[in-house]
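# Structural overview
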Amino acid sequence: MYNIDPMLKKPIYLQLYEEIKKDIQTNLKAGEKLSSIRKMTIEYKISKNTVQTAYNQLYAEGYIESIPQSGYFVSENLYENLKKEDEINLGNKTTKDIFKYDFYPACLSDDTFPKKTWIRLYNKVLKSTLNLGIYHNNQGDIELREQIVKYLKNSRSVNCTIDNIVLTSGFADSMFIVSKILKDEIKKIAFETPSYRVAKKVFEQHDFEFDEIQVKQNGIDIEQLKKSKAKLLYLTPSHQYFFGVTTPIANRIEIINWAKDNNSYIIEDDYDSELSYKNRPIPAMQGINNNEQVIYTGTFSKSLSPSIRVAYLVLPAKLLKKYKKEFDYPFSTIPIDMQKTLALFIKEGFWERHLRKVRTQNKKKHDIMRIFFHTKLSNDIEILREGSGLNILIKPKIDIDLKVLIKEAQKKYIKLYLRYLDKKTEVLSMGFGSFKKDELKIALEEFLTIWEKVKNKQY
């Protein structure tokens, strides 16, 4: 039976068309006959015109053929050029309902965003004296920067003013700006390893050379860093991107001294700092000793929404001059109505309340996943990272092909994510943030079924 919901805003003919199309791509065989228009009308209690319109669209796209006096059939020509295996591999698709369960490592569930409050504040902004006929400050709205300054000083001990904050449209945009203003004076960047691939990708696109600095129990290997010729270092000292390691204060000071002695810079990505479930966020490196070596970056993606695309840089004074010279166009990349709404959201106290809610919700989901792995898969896996963020990192202790696991999961419309600790070591990054609690429990049970199947080579 196809899933047709008359309560949806989407037209019924379009729902039927999409359901049949999905069925053709995954189940039906070439030449197989479809139900007659009359039968479809009776089964789904919809009009003849609705079914005919859906069939007409499928016919126009070449998915089905019409044989007079016989009915509609799955196109033979379609299957000459289309491999079902490729249709099962849906890794490049982005439509939400393609996968039944998606363990993406950095998503929030759809009930997390404070929609009612946001709409009320947004309407308030639109009714204000906001001028939509001009280009606004290219560093970002002053009111929003003021609120971010207060938040960063209070929660992270960041030393900043509205003058050295630059608002950006996401983490990748922040890294683009940093790479752009430093590319003429710096050719090599050191990366903690393993590291966040998006950061690496941006600097790779700007032809930087890389040094890989291994992560140890207390953060990066400082002796290895000292041997590096790099003049720029990227790291996540609060909660290391892969392992969740926190760099202790003594090591932070030593890293800052390395940067001072070598006239180098540090990109401090405050990854996961707001979603810590075991302790309060620790102060940022940027605020230590009033140094001018650290470029601090953060986003609202993990704790508010990855869709609103708001992030920020805190630039040292000498790099701010370079920024203003390089990016001298008079406009921000973030819509002004979005900036003004976020400024109000923080100013009126909703941000702090929202953070408490997000931490509570995701700690519960984090614990559900952690306990599940400990009770059901303790002999099969090692948990490499837990206690913060929106995912748990697991590494097999048994001989299991993770690429096959991902492929088998896709057949059941479950999306898993493979990551590499190094060129040989594969791990799974299991996100829990996008699920509701009850849904997460069901998704984990289905994951376990697939795991056992692949573990026992029953595929």
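So, a few notes on the structure that sits alongside this text. (Residues numbered from 1 in each chain as written. Predicted model: local features only at pLDDT ≥ 70, side-chain atom pairs only at ≥ 80, totals over all residues. Heavy atoms only, no water.)

### Comments concerning the sheet that holds strand β5 (residues 188–193)
Here eight strands make up an open sheet; going across it, the order is β4-β11-β10-β9-β8-β5-β6-β7 and the pairing mixed. Of all strands in the sheet, those bounded by a partner on one side alone are β4 (165–168) and β7 (219–220). (Pairing = 2+ DSSP bridges. Helix = DSSP H or I, 4+ residues; strand = E, 2+ residues; numbered from the N terminus.)

### Things to note about the pairing of β4
Moving residue by residue along a regular strand, the side chains alternate between the two faces of the sheet. Where burial is concerned, the two faces of β4 agree: the one with I165 and L167 and the one with V166 and T168 are both buried. Pairing of β4 with strand β11 (residues 311–314), which is carried by four bridges, proceeds in the antiparallel orientation. Bridging across to β11, V166 finds its partner in L313. (Buried < 20%, exposed > 50% of the residue type's maximum accessible area, 1.4 Å probe, protein only.)

### Digging into the pattern of salt bridges
The tally for this structure, following the rule as stated, stands at 21 salt bridges. Taking the shortest distance from any N to any O, the salt bridge between K340 and D141 comes out at 3.0 Å. A residue pair is termed long-range when its members are at least 10 positions apart, and K340 in helix α13 (residues 336–347) and D141 in the loop between α6 (115–126) and α7 (142–156) qualify at 199 residues. We note that K340, like D141, is buried. Between D380 and K455 there is a salt bridge, with its nearest N and O atoms 3.1 Å apart. You can see D380 sitting in the loop between α14 (350–376) and β12 (381–385) and its partner K455 sitting in helix α16 (residues 437–455), a full 75 residues away along the chain. Counted as one network, the salt bridges with shared partners bring together K363, D367, R370 and E386. (Salt bridge = Lys/Arg side-chain N within 4 Å of Asp/Glu carboxyl O.)

### Examining the pairing of β12
Two elements, β12 and strand β13 (residues 391–396), share four bridges in a ladder whose sense is antiparallel. The residue bridging I381 from the neighbouring strand is P396, located in β13. Taken together, β12 and the strand that follows it, β13, pair antiparallel across an intervening segment of five residues, in which G387 is found at a positive phi of about 95°.

### Structural notes on the side chain of N391
Among the secondary structure elements, N391 is positioned in strand β13. For N391, a relative accessible area of 3% corresponds to the buried category. Apart from the residues lying within four places of it in its own chain, the contact partners of N391 are P105, Y271, R385, S429, M430, G431 and F432. (Contact = heavy atoms within 4.5 Å.)

### Examining empty space enclosed by the protein
Gaps left between atoms show up when a probe the size of a water molecule is rolled over them. Under the definition given, this model contains three cavities of 30 Å³ or more. Computed from the structure, the largest cavity encloses a volume of approximately 80 Å³. Forming the walls of the largest cavity are P105, Y241, F242, Y271, R385, N391, L393, R419 and S429. (1 Å grid on protein atoms, 1.4 Å probe; cavity = no way out; pocket = protein on both sides within 12 Å on 5 of 7 lines; lining within 4 Å. Points joined across faces, edges and corners; volume = space filled by probe spheres on them.)

### Here's the deal with α6
For α6, which comprises twelve residues, the first-to-last C-alpha distance of 16 Å matches the rise-based estimate of 16 Å (1.5 Å per residue) to within 8%. For α6, every residue scored as buried is listed here: W118, L121 and V125. The arc that holds every buried residue of α6, seen down its axis, measures 70°, which confines them to one face. Summarising the geometry of α6, the exposed residues directed more than 90 degrees from the buried face are K115 and K116. Where α6 is buried, its residues meet α13 and α14. (Expected span 1.5 Å × (residues − 1). Arc of directions from axis to C-beta.)

### Some words on helix α12 (residues 317–326)
If you check which residues of α12 are buried, you get L319, L320 and Y323. Mapping the buried residues of α12 onto a view down its axis gives an arc of 105°, with all of them on the same face. Away from the buried face of α12 by more than 90 degrees, exposed residues K321 and K325 are located. For α12, the elements touching its buried residues are β4, α8 (171–182), β9 (265–269) and β10 (294–299).

### So, the nonpolar core
Core analysis: the biggest nonpolar cluster contains 36 residues, and F103, F373, L428 and F447 have the highest contact counts within it. At the level of elements, α14, β13, α15 (402–411), β16 (426–431) and α16 are the ones that each hand at least two residues to this core. Ranked by residue count, the leading element in this core is α16, at eight residues. (Core = buried A, V, L, I, M, F, W, Y, C linked by side-chain atoms within 4.5 Å.)

### Considerations on the packing of α15 against α16
Contact geometry for α15 and α16: axes closest at 10 Å, N-to-C directions at 130°. By the criterion of interaxial angle, the relationship of α15 to α16 is oblique. Helix-helix and strand crossings are classified by hand; for α15 and α16 the assignment is right-handed. Judged by residue contacts, L402, V404, L405, E408 and A409 of α15 engage F447, I450, W451, K453 and V454 from α16. Here the contact of α15 with α16 is composed, by residue class, of eight nonpolar, no polar and two charged. (Axes fitted to C-alpha atoms, helices over the stretch in contact; angles between N-to-C directions. Parallel < 35°, antiparallel > 145°, perpendicular 65-115°, else oblique. Left-handed = near helix turned anticlockwise from the far one by under 90°. Nonpolar A, V, L, I, M, F, W, Y, C, P; charged D, E, K, R; others polar.)

Scope: geometric values only; no functional claims are made or implied.
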